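# Coordinate inspection notes
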Amino acid sequence: MTWSILARDGQGRFGVAIASRFFAVGALCVHTRRGVGALSTQALMNPLYGPRGIALLAEGLAPQEVIERLTADDSGREQRQVHVLPAHGRPAARTGSACIDWCGHCIDDDFSVAGNMLAGPQVIEATAQAFLATRGQDLAERLLAALAAGEAAGGDKRGKQAAALRIHGDEDWPELDLRVDDHAEPVQELQGLYRKSLERYQPFMACLAGRHDPVGLTDRGEIEARIEQFTRERAERR
């Protein structure tokens, strides 16, 4: 009932974009951890896969080994779909034999796409091709473009309802975590939330305390100056 893309960039950030004809799809499907990787559990999803899968990745298991461990003692595994992206190396995916057509996945060096109950294989193909075609752009924008391309190719064959975008960088919390839980045009709404986040949210978050600066910026004038600089530099890149 869902399709998603997991990806990483040259800065070591992980990103996930997901859409579905299912309420609040971003709530339990998407999992990430700094320096470890990303995972999405789908179809008749198993919420236990997320925390356990990320923990196994952190222990050093390869993505395929993680999937084998997750599914080995799960009698419902043929109704599940899961894909896993590590910090280094190729991702892995498994689409259970009882997942509803169209279902499947594709794997590349630094991203994976998986979906079920889709309009057809063109959804996965269009999502992957759009991500490849936007190489050099910001990770979030590439993921949004990929999601939009998948939707244009047919998306979830039951319709539209929810979408989510998460970017996880070098902190223990995501640098961007956007969700559209119930909307007639969730991908468009998600794109709008992303554009809104560029106005103040993203540059403001970069001013907060973190792993490398336990205090962050506290001078409000300097914070405002950083926000203005962020806005100016984005305008110059256009």
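Figured I'd write up the structure that's included with this text. Note that this is a predicted model, so its numbers are computed, not measured.

How each quantity is defined
Residues numbered from 1 in each chain as written. Predicted model: local features only at pLDDT ≥ 70, side-chain atom pairs only at ≥ 80, totals over all residues. Heavy atoms only, no water. Helix = DSSP H or I, 4+ residues; strand = E, 2+ residues; numbered from the N terminus. Expected span 1.5 Å × (residues − 1). Buried < 20%, exposed > 50% of the residue type's maximum accessible area, 1.4 Å probe, protein only. Arc of directions from axis to C-beta. Contact = heavy atoms within 4.5 Å. Pairing = 2+ DSSP bridges. Axes fitted to C-alpha atoms, helices over the stretch in contact; angles between N-to-C directions.

### Some words on helix 3 (residues 121-133)
Along its 13 residues, helix 3 runs 18 Å from first to last C-alpha, staying within 8% of the 18 Å computed at 1.5 Å per residue. Every buried residue belonging to helix 3 is among Val123, Ile124, Thr127, Ala128, Ala130 and Phe131, and all of these are buried. For helix 3, the angular spread of the buried residues around the axis is 160°, confining them to a single face. Exposed positions of helix 3 whose direction lies more than 90 degrees from the buried face are Gln129 and Ala133. Tucked into the core, helix 3 has its buried residues touching strand 1 (2-8), strand 7 (104-107), strand 8 (111-116) and helix 4 (139-152).

### Quick look at the sheet that holds strand 5 (residues 80-86)
A sheet is described by the order of its strands in space; here four strands give the open sequence 3-4-5-6, paired in antiparallel fashion. Only two strands of the sheet have a single neighbouring strand rather than two, namely strand 3 (30-33) and strand 6 (92-95). Mean inter-strand twist for the sheet, computed between neighbouring axes without regard to direction, equals 5°. When strand 5 meets strand 6, the two strands line up antiparallel, connected through four bridges. Its bridge partner lying in strand 6, His83 is registered against Ala93. Contacts from helix 1 (residues 49-58) reach strand 3, strand 4 (37-43) and strand 5 within the one sheet, and its direction differs from that of strand 4 by about 150°. Where helix 2 (residues 63-72) meets the sheet, its contacts fall on strand 4, strand 5 and strand 6, and the angle it forms with strand 6 comes to roughly 35°.

### Here's the deal with the sheet that holds strand 7
With respect to topology, six strands assemble into an open sheet ordered 7-8-1-2-9-10, the strand pairing being antiparallel. Strand pairing shows two members of the sheet lacking a second neighbour, strand 7 and strand 10 (176-180), which therefore form its edges. Across the sheet, the axes of successive neighbouring strands diverge by a mean angle of 5°, strand direction being ignored. On the sheet, helix 3 packs against strand 1, strand 7 and strand 8 and is oriented at approximately 155° with respect to strand 8.

### Notes on the environment of Met45
Its place among the elements puts Met45 in the loop between strand 4 and helix 1. Taking the relative accessible area as the measure of exposure, Met45 reaches 23% and is therefore partly exposed. It is 5.6 Å that separates the C-alpha atoms of Met45 and Arg80, two residues lying 35 residues apart in sequence. Contact partners of Met45, with chain neighbours within four places excluded, come to Leu28, Cys29 and Arg80.

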